[in-house]
Amino acid sequence: MSEATTPAEGTPAPITKSAEKKLAKKKENEARLALKAAKAAKAAAAAPAGGEKKAKKEKGKEEEAPFVNTTPKGEKKDLSQPMASGYNPIAVEAAWYDWWDAQGYFAPQLTEDGQIKPEGLFVIPSPPPNVTGSLHIGHALTVAIQDCLVRWNRMLGKTTLFVPGFDHAGISTQSVVEKRLLKTGVTRHDLGREKFVEKVWEWKEDYQGRITNQLRRLGGSYDWNRVAFTMDERLSKAVVETFCRLHEDGILYRANRLVNWCVKLNTTLSNLEVEQKQLDGRTMLSVPGYDPKEKFEFGAITSFAYPIEGSDEKIVIATTRPETMLGDTAIAVHPNDPRYKHLRGKFAKHPFVDRRIPIITDDIIVDMEFGTGAVKITPAHDPNDYEVGVRHNLPFINILNDDGTLNENAGDQFKGMKRFHARVAVVQALKDLGLYVETKDNPMQIPICSKSGDIIEPILKPQWWVNCQPIADEVLKRTRAGELHITPKPSETEWYRWLENIQDWCVSRQLWWGHRCPAYFVNIEGVEQDRNDGKNWVVGRTLEQATERAKKLAGDANFTLEQDEDVLDTWFSSGLWPMSIMGWPEETPDYRMFYPSTILETGWDILFFWVARMALLGVKLTDKMPFSEVLCHAMIRDAHGRKMSKSLGNVIDPIDVIEGLDLEALHAKLYEGNLDEREIQKAKAGQKKDFPKGIPQCGTDALRFALCAYSGGGRDINLEILRVEGYRKFCNKIFNATKFAMLKLDEKFVPEPTAKPTGNESLVEKWILHKLNLAAEDINKQLTERNFMNATGAAYNFWLYELCDVYIEAMKPMTDDSASETTRRSSQQTLYTCLDHGLRLLHPFMPYVTEELWQRLPRRPNDPTPSIMLAKFPTFDKSFEFSEAEHDFDLVFSAIKASRALAASYNIQQNLHVYIRAEKDNEAELFKSQIPTFLALTKNCKSVEVVRDLSGVPAGCGSEVLTPTIFVHVLVRGQVDIESEILKCEKKLALAQMNLSKIVKIESQDDYESTVPANVRLANEEKRKTLEADIKLLEHSIEMFAQMK
């Protein structure tokens, strides 16, 4: 403080609130000007000698200083300064999240004795995002919906828990780290397993930090004290316990069976991780692991002949995978097919390997009408052939190495060839031997790895499997009994279909990153053992337990234990998520209090990957459904309906929508991933087309609100950033409306102790309180039904079309100097209630702007609520029910809208004179009492007069029928073309007369009274009366305009 302004010692200078605000404003302006001057000086210093001509600033626009958050982390934001001139999402959102977190508001609120609150419990286990990379807009949808539900239930007074966490994502994370290493010329094998896993942990720490920041910016009210990671020691213990328990119960077993093998990733995949690509015929495709310019033929069926041993005869078969003939061990024909009766029991001779191929009969695999009626059988490389091999005890000959090259079983001619090179070579060799017949188009599906895009190969592998059928039967039984509710309906239907046809689950993965199988091969000295046989394996929660079990198996013989090199499927650990995050298998306080969860909210695309497996494991291990409700949200696509893809350039980081990002910066982010240069250029083109000016700054609240507004139960969302930007303008409207409304709450204003009406409310006050009540009732109903589109619509309509457009404008005359003290105070109390409750209604969707504005409102006496997130959510309140007032004011507002429409149709923009003709006494009194409101809500309206009949309406008015007894007239004399108006009225009259004749005809039917419902007859009567009044008015208007000629 300067010497001139220092008060005398011991006598502090008194300062009023008004003076304090002025002083604060002055300091703010001085700081802004100083920063502006500093920037200008810096720019001048950096300018080239001689200077350049600078673009002139737009007149009247002053550049605002960039926002700098000065609130210390975890402290409450200082709101003593006046509100900013406009809504800045970055400024509004700053500091609140850290304060909420520091205050412990995200933790479950319990009773004084540590129990669940009587209002109830609401628990969501957040779907753990993969640590593969940063979150995209689909994750933002998940956060928006889930946090909306959490905040709503918290405000309803319930004990809530929202548990955050992260998934190690075995295949995906290992893949991205390997790609990153390859850019430096290093493979995981160069590093070795231990060093490579260390690299993956480094990646995990980096991306878990990035994702955490994104989740916090999105406003998710997670209890960060309970954050979990699927490979944490606690959760890993749950994985080991599950594996061992399932094995002990005979549910988990080891078997050498066909699996989906991805050559590119060198691992097994579940059926759910395999996508089927439809081909309509011959199609040339590139395959990962080959030269991108090299393409191979798919969608074709090749026919060739096998020579019959000991004769000149041949048998023709057809295949879509010619290279697999190197693993054929039989040819099947139908037992009733006379064409091949003489060949039964004989052998064909393999042309490339020393192998006799028996000709067998099978009525399951063979369709006599298809092709030649003869089918090649490759049991080790086809699921259907595998079953034939089991039925007929055929040899299972694997011809593939794990890297996709052919092994020694394929013969010297093809050994070492890559599988699709071998396809071409086999066809050529068949041609050389004269065994090739033809190749034709063959519409078909080919299996594609959803992770790498590689063509899946069925191969034999000894793996660990889970027998799902008996558990699935129990889950189905419980679902049908009502223990689990699934929405929307299509997802429920899919749930039943999938569980009814469930197959055994292969849980082994040939990776280094993940939970290593707690299974050990017991290598007994001097004994020949089959590693494929599960009898030679033990499982153990610890090495000590496994050793004890191995001793019983080996007897007195020496042995060594060799742990399985494979890791477990990622979904094995994430399938335990709802219970492992609560401490299972231990009986922790969290497990006892918070398991099962209330709801599981996720995308419909992982209903079987994840949700079904949680249900299976939950029922098996805890005898409880892990949640009572499953809500499946839609899949986000771009504005064109395309799936989000990095190579298309349409994957959006939610932070970029929050903060905004120019096109060049969007392009630059493409280089952070693993795209090659060709893909980057394609993605750049996509970005330039979709975001020519980059992504506009929208803020978190607008993004969350938009994502919820999109969520109406469909399966796809075509996201348009312009719509998100539109909700930023809605935020701006809320901000500015609250700022303006606060000016109406003077320094003397103190809210009433409760929101209950005082009895002094005017008609428009009763109307807005009734609308507030309806909005609260509707939002609660829609959120209960999980219809976020309708819930956001109700909140949006209340704020924009009822509070801002009507009440805030209508209350202006109630707060001017001519209004009585009672009127002023009542309108202020109503305004305060609407702001207070309106912000609460919006809070679950828009946490930041609602907290910022709510904190600026004064509190009611004896209300210690520190944050809007802990405030009571508005519900239906009988004391706010003013149905009669709603009807009356709706009538008045209809007249206001009719006068606006008339003025617009006649292009009258000033000196508007309105006449309301009300034929009933009560309606006339109503309109007379609302003249100030009418004037406040009708722009450029100079006068409103209520008359009782046509004699009170001056000549030269445009008119509108509101009801059969209420008419709106706007004086247009001297401002319109008379001939044109007569023509308009005549057209309207003809249309009204035609519609009236239709109604009269319907009402004249003989059986009208007996066959038409009463409500329909009443509606028709109202239409007829309105049309009759409209015709009478139009005839009068024509006559009136004619007299003005």
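Asker: Looking at this structure, how should I read the overall build of the protein?
Answerer: Helix and strand counts for the protein come out as 32 helices and 33 strands. Buried residues in the protein amount to 51% of all 1045 residues. Summarising the internal contacts of the protein: among those between residues at least 6 apart in sequence, 77% fall at separations of at least 24. If you sum the accessible surface of the protein, you get close to 49100 Å²; carbon and sulfur atoms cover 51% of it.

Asker: Would you explain the environment of tryptophan 99 in this entry?
Answerer: Its place among the elements puts tryptophan 99 in helix α3 (residues 96-103). On a C-alpha basis, the gap between tryptophan 99 and lysine 76 in space is 5.6 Å, while along the polypeptide they are 23 residues apart. Contact partners of tryptophan 99, with chain neighbours within four places excluded, come to Gly74, Glu75, Lys76, Tyr105, Glu851, Gln855, Pro866 and Ser867.

Asker: I tried to follow empty space enclosed by the protein on my own but got confused; where do I start?
Answerer: Taking a probe equal in size to a water molecule and rolling it over the atoms shows the remaining empty space. Counted under the stated rule, the structure contains three cavities of 30 Å³ or more. Considering only enclosed or pocket space, the largest cavity measures out at about 80 Å³ in volume. Lining the largest cavity we find 13 residues, and of these Ala755, Lys756, Gln829, Thr830 and Thr833 sit closest to its centre.

Asker: Quick question: what am I supposed to make of the packing of aromatic side chains here?
Answerer: Two aromatic rings are characterised by how far apart their centres lie and by the angle between their planes. One pass over the structure, following the stated rule, counts 38 aromatic pairs. Both rings, one in tyrosine 727 and one in tyrosine 796, keep their centres 5.9 Å apart while their planes meet at 90°; by these two values the pair is edge-to-face. Highlighted residues: tyrosine 727 in helix α22 (residues 721-744) and tyrosine 796 in helix α24 (residues 788-810), separated in sequence by 69 residues. The class of tyrosine 727 is buried, set by a relative accessible area of 12%. One aromatic cluster is present, formed by Phe243, Trp464, Trp505, Phe521, Trp537 and Phe572 through successive ring pairs. Taking the ring centre of tryptophan 505 as reference, the NZ or CZ of arginine 613 above it sits at 4.3 Å.

Asker: What should I look at first to understand helix α10 (residues 419-432) in this one?
Answerer: Within an α-helix, residues lying three or four positions from one another point in the same direction, as the helix has 3.6 residues per turn. Taking 1.5 Å per residue as the helical rise, α10 with its 14 residues ought to reach 20 Å, and the 20 Å between its terminal C-alpha atoms agrees with that figure. Within α10, the full set of buried residues consists of Arg419, Phe420, Ala422, Arg423, Ala425, Val426, Val427, Ala429 and Leu430. Close packing links the buried residues of α10 with β9 (296-298), β10 (300-307), β16 (436-441) and β18 (457-466). Phi for glycine 434, located one or two positions after α10, is positive at around 75°.

Asker: Got a minute to help me understand the sheet that holds strand β27 (residues 627-633) in this structure?
Answerer: Sheets are built from strands that pair by backbone hydrogen bonding, the pairs being arranged parallel or antiparallel. Across the sheet, three strands lie side by side as β19-β27-β26; this open sheet has parallel pairing. This sheet does not close on itself; its edge strands, each paired only once, are β19 (485-487) and β26 (597-603). Each adjacent strand pair in this sheet contributes to an overall mean axis angle of 15°, direction not counted. Note that β26 and β27 share six bridges and pair parallel. Each residue of the ladder has a partner; that of threonine 602, found in β27, is cysteine 632.

Asker: When you look at the side chain of serine 574 in this model, what are you seeing that I'm missing?
Answerer: Topologically, serine 574 is positioned in helix α14 (residues 570-574). Residue classification places serine 574 among the buried residues on the basis of a relative accessible area of 1%. The residues touching serine 574, leaving out its near neighbours within four places in the chain, are Asp167, Trp610 and Met614.

Asker: Looking at this model, I keep getting lost on the packing of helix α4 (residues 137-155) against helix α21 (residues 700-710). Mind explaining?
Answerer: Between two packed helices, the angle of one axis relative to the other and the distance separating the axes together describe the packing. Packing of α4 against α21 leaves a shortest axis separation of 9 Å and a crossing angle of 90°. Our classification of the angle between α4 and α21 gives roughly perpendicular. Across the interface between the two elements, Ile137, Ala140, Leu141, Ala144, Ile145, Asp147, Cys148 and Arg151 from α4 touch Leu703, Arg704, Leu707 and Cys708 from α21. Class assignment for the residues of the contact of α4 with α21 results in nine nonpolar, no polar and three charged.

Asker: Any chance you could explain unusual backbone geometry here in plain terms?
Answerer: With the exception of glycine, most residues fall at negative phi, and the peptide bonds are largely trans. Going from tryptophan 584 to proline 585, the amide bond is cis rather than trans, its omega being 15°. Put simply, tyrosine 595 and proline 596 share a cis peptide bond, and its omega is 0°. Counting through the fold element by element, proline 596 comes out in the loop between α16 (589-594) and β26. Even without glycine at this site, alanine 169 takes up a positive phi of about 50°. Secondary-structure assignment places alanine 169 in the loop between β3 (165-166) and α5 (170-182). Residue class for alanine 169 comes out buried when judged on its relative accessible area of 5%.

Asker: I would appreciate a short explanation of the pattern of salt bridges in the present structure.
Answerer: Here the structure, examined in full by the defined rule, presents 63 salt bridges. The partner of glutamate 241 in a salt bridge is arginine 245, and the shortest N-O contact between them spans 3.0 Å. Here arginine 245 and glutamate 241 lie together in helix α8 (residues 233-248), a separation of four residues that amounts to about one turn. Given a relative accessible area of 12%, glutamate 241 falls into the buried group. A salt bridge links aspartate 890 to lysine 771; the shortest N-O distance between them is 4.0 Å. Highlighted residues: aspartate 890 in helix α27 (residues 883-905) and lysine 771 in helix α23 (residues 763-784), separated in sequence by 119 residues. In this structure, a network of salt bridges that share partners links the residues Glu241, Arg245, Glu248, Arg541 and Arg549.

Asker: Mind showing me how you'd approach the side chain of threonine 850 here?
Answerer: Among the structural elements, threonine 850 can be located in helix α26 (residues 847-854). Note on threonine 850: relative accessible area 1%, which makes it buried. Polar side-chain contacts of threonine 850 include one of 3.1 Å to the backbone oxygen of proline 847. Those residues in contact with threonine 850, other than ones at most four positions away along the chain, are Leu839, Leu842, His843 and Ile868.

Asker: Teacher, can you tell me more about the environment of asparagine 88 here?
Answerer: Mapped onto the fold, asparagine 88 is located in the loop between α1 (17-46) and α2 (89-93). On the basis of relative accessible area, asparagine 88 is assigned to the partly exposed category, the value being 24%. Between the C-alpha atoms of asparagine 88 and glutamine 697, which are 609 residues apart in sequence, the distance is 9.5 Å. If near-sequence neighbours (up to four positions away) are discounted, asparagine 88 is found in contact with Phe67 and Gln697.

Criteria and cut-off values
Residues numbered from 1 in each chain as written. Predicted model: local features only at pLDDT ≥ 70, side-chain atom pairs only at ≥ 80, totals over all residues. Heavy atoms only, no water. Helix = DSSP H or I, 4+ residues; strand = E, 2+ residues; numbered from the N terminus. Buried < 20%, exposed > 50% of the residue type's maximum accessible area, 1.4 Å probe, protein only. Contact = heavy atoms within 4.5 Å. Areas by Shrake-Rupley, 256 points an atom, 1.4 Å probe, with all protein chains shown as cover. 1 Å grid on protein atoms, 1.4 Å probe; cavity = no way out; pocket = protein on both sides within 12 Å on 5 of 7 lines; lining within 4 Å. Points joined across faces, edges and corners; volume = space filled by probe spheres on them. Phe/Tyr/Trp six-rings, centres within 6.5 Å; stacked < 30°, edge-to-face > 60°. Lys NZ or Arg CZ within 6 Å of the ring centre and 35° of its normal. Expected span 1.5 Å × (residues − 1). Pairing = 2+ DSSP bridges. Axes fitted to C-alpha atoms, helices over the stretch in contact; angles between N-to-C directions. Parallel < 35°, antiparallel > 145°, perpendicular 65-115°, else oblique. Nonpolar A, V, L, I, M, F, W, Y, C, P; charged D, E, K, R; others polar. Salt bridge = Lys/Arg side-chain N within 4 Å of Asp/Glu carboxyl O. Polar contact = N/O pair within 3.5 Å; in protein donor to acceptor, adjacent residues only side chain to side chain.

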